[in-house]
Amino acid sequence: MTPDVLIVGAGIIGAACADALSARGLRVTVVERDAVGSGATAAGMGHLVAMDDNAAELALSAHSLELWKELVEGQPQRHEYSRCGTIWVAADDEELDAARAKAVTMRAHGLECDVIGAQDLYRIEPNLRPHLAGGLLVPGDGLVYPPKSARILLARAVARGASLLMGEAVALEDDGVLLADGSRLSAGRVVLAAGTRCLALAPDLPLRPKKGHVMITDRYPGFLRHQLVELGYIKSAHASEGESVAFNLQPRPTGQVLIGSSRQFDTTDLAAEPAMMARMLARAVEYTPALAGLNILRCWTGLRAATPDGLPLIGPDLSRRNVWLATGHEGLGITTSLATAELLVAQMTGGQAGIDARPYMPSRFNPQGRAYG
Ligand SMILES: Cc1cc2nc3c(=O)[nH]c(=O)nc-3n(C[C@H](O)[C@H](O)[C@H](O)COP(=O)(O)OP(=O)(O)OC[C@H]3O[C@@H](n4cnc5c(N)ncnc54)[C@H](O)[C@@H]3O)c2cc1C
């Protein structure tokens, strides 16, 4: 039977969409070329974080955090969820002022947060270097193990009758996709949730790959308790050119420490680059000197799908018949996956989502429905 919706890609976004669509009774097929939860999802740090670079980003991330809390409730271990909270670390008084401003914005969106001084900062995170000014503690942020969450979401969809088909979509057709083995899959609608690889199927989409490195240490329980991020991270995350690194450490539930984060445009080579790793480690050790004594086990990279305005593409692609987009989540797609799925379902079925869909609609880049410029 022809599915109502064919989703290309079973990363966290495709899996969340499959879950939400099947929950509304739609017949869903997911086609995946590699493994469920691969792509950027396997590379991501899994930080569930409220980001407030602009009102639309904050609305999407804050709403999705609420949906994550419902999802993991009662079974946090399955997602390897931890409500570790985030501390946005302020290096000096100027950054502490920025933390205060951030607190005002977050509270206005109903998010709990506390500006903390240096004394409290060192009490809860003693491995931070001396002479920091304090920070902003956001206790509701957390973390998951993204590929596992993707598998759980997809399994829920399959339990409701959705199908998973292993194969690669190589071309979009009027009523479905052509697969690499020459077969065709028809569907009422096709959702592109293939991360940066959406560009292989629709090269004009306003997407650019942004490479990131992550490292993981051996187990050091108690080395840190919160996700620690420098306040300068937002500037680094939203730079639209060049290379940048920012201090970003995460305490995995295993006691391991995840070390992020880097951003590079204009490369799709997934090889780990020693020079970039050295820059990340130098930044991390600058903030947490004791990190220099830890053992790093592994480094990997992934490609974020970045849009020109830093917001995802969620909704119909006006330039392609029956094609919908759920991509462009850059460095926030684990956090925003559940709200993305909710917005997509609401648009497809005429239902209500918890937030306004307009800031994320692809048509903001092609209001006339022509190819993206
Ligand atoms: C280093 C790094 C750190 C990050 N840290 C965080 C974080 O802490 N918090 C956060 O919220 N976000 C984070 N992100 C961002 C997040 O990982 C991504 O936004 C998110 O995983 C995107 O998911 P996706 O499903 O859109 O794409 P992907 O995860 O890339 O999934 C796409 C899927 O589609 C499949 N596919 C591709 N092409 C085809 C095809 N033609 N046919 C069939 N299947 C296909 C792929 O195999 C893949 O499984 C990070 C990203 C990186 C790279």
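Note that the structure is a prediction, hence the values are computed from the model and not measured.

J.: Mind showing me how you'd approach the sheet that holds strand E5 (residues 114-117) here?
T.: Strand pairing in a sheet relies on backbone hydrogen bonds, with the paired strands running either antiparallel or parallel. If you walk across this open sheet you meet the eight strands as E5-E6-E4-E14-E15-E16-E13-E17, and the pairing is mixed. This sheet does not close on itself; its edge strands, each paired only once, are E5 and strand E17 (296-306). Taking the axes of each pair of neighbouring strands and ignoring which way they run, one obtains an average angle of 25° across the sheet. Sheet analysis places strand E13 (residues 208-219) next to strand E16 (residues 256-265), joined by five bridges and oriented antiparallel. By the bridge assignment for E16, Arg219 is matched with Gln256. Relative to strand E6 (residues 134-138), helix H4 (residues 93-108) is tilted by about 20°, and along the sheet it contacts strand E4 (86-90), E5 and E6. Sitting on the sheet, helix H9 (residues 274-287) touches E4, E13, strand E14 (227-230), strand E15 (243-251), E16 and E17, and the angle it makes with E15 is about 55°.

J.: Can you help me understand the site of the ligand in this one?
T.: What surrounds the ligand is a group of 39 residues, the closest being Glu32, Thr41, Ala169, Glu330 and Thr335. A distance of 2.5 Å separates an oxygen atom of the ligand from a polar atom in the side chain of Thr41. In this structure, Thr335 approaches the ligand through a main-chain N or O atom, which is 2.8 Å from an oxygen atom. Taken by itself the ligand offers 1000 Å² of open surface, and the protein chains cover 95% of this.

J.: What is the right way to look at helix H10 (residues 333-349) in this model?
T.: Turn by turn, an α-helix covers 3.6 residues, leaving residues three or four places apart pointing in a common direction. With 17 residues, H10 should cover 24 Å at 1.5 Å per step; its first-to-last C-alpha distance of 23 Å lies within 8% of that length. Roughly 30° is the biggest bend found in H10, and it falls at Ala339. Taken across its 17 residues, H10 has 14 buried, putting it largely inside the fold. Among the residues trailing H10, Gly350 stands out with phi positive, at a value near 75°.

J.: What is the right way to look at the packing of helix H1 (residues 12-23) against helix H6 (residues 146-159) in this model?
T.: How two helices sit against one another is set out by the angle between their axes and by the gap between those axes. Running from amino to carboxyl end, H1 crosses H6 at an angle of 25°, the nearest separation of the two axes being 8 Å. Looking at the two axes, H1 sits roughly parallel to H6. Where H1 crosses over H6, the two elements pack in a sense that is left-handed. Touching Ile12, Ala15, Ala16, Ala18, Asp19 and Ser22 of H1 are Pro146, Ser149, Ala150, Leu153, Leu154, Arg156 and Ala157, all from H6. When grouped by side-chain class, the residues that make up the contact of H1 with H6 number nine nonpolar, two polar and two charged.

J.: I tried to follow the side chain of Ser61 on my own but got confused; where do I start?
T.: Residue placement: Ser61 occurs in helix H3 (residues 55-72). With relative accessibility at 0%, the residue Ser61 sits in the buried group. A distance of 3.1 Å separates the side chain of Ser61 from the backbone nitrogen of Met51, its partner in a polar contact. A polar contact is formed between the side chain of Ser61 and the backbone oxygen of Glu57, at a distance of 2.8 Å.

J.: Explain unusual backbone geometry here, please?
T.: One can expect most non-glycine residues to show negative phi and most peptide bonds to be in trans. That bond from Gly260 to Ser261 is cis: its omega, -10°, falls within 30 degrees of zero. Looking at the secondary structure, you find Ser261 in strand E16. Here His131, not a glycine, exhibits a phi torsion of approximately 70°, which is positive. By relative accessible area, His131 is classed as exposed at 72%.

Rules used in this analysis
Residues numbered from 1 in each chain as written. Predicted model: local features only at pLDDT ≥ 70, side-chain atom pairs only at ≥ 80, totals over all residues. Heavy atoms only, no water. Pairing = 2+ DSSP bridges. Helix = DSSP H or I, 4+ residues; strand = E, 2+ residues; numbered from the N terminus. Axes fitted to C-alpha atoms, helices over the stretch in contact; angles between N-to-C directions. Contact = heavy atoms within 4.5 Å. Near = heavy atom within 4 Å. Polar contact = N/O pair within 3.5 Å; in protein donor to acceptor, adjacent residues only side chain to side chain. Areas by Shrake-Rupley, 256 points an atom, 1.4 Å probe, with all protein chains shown as cover. Expected span 1.5 Å × (residues − 1). Bend = angle between axes of the 7 residues up to and from the residue. Buried < 20%, exposed > 50% of the residue type's maximum accessible area, 1.4 Å probe, protein only. Parallel < 35°, antiparallel > 145°, perpendicular 65-115°, else oblique. Left-handed = near helix turned anticlockwise from the far one by under 90°. Nonpolar A, V, L, I, M, F, W, Y, C, P; charged D, E, K, R; others polar.

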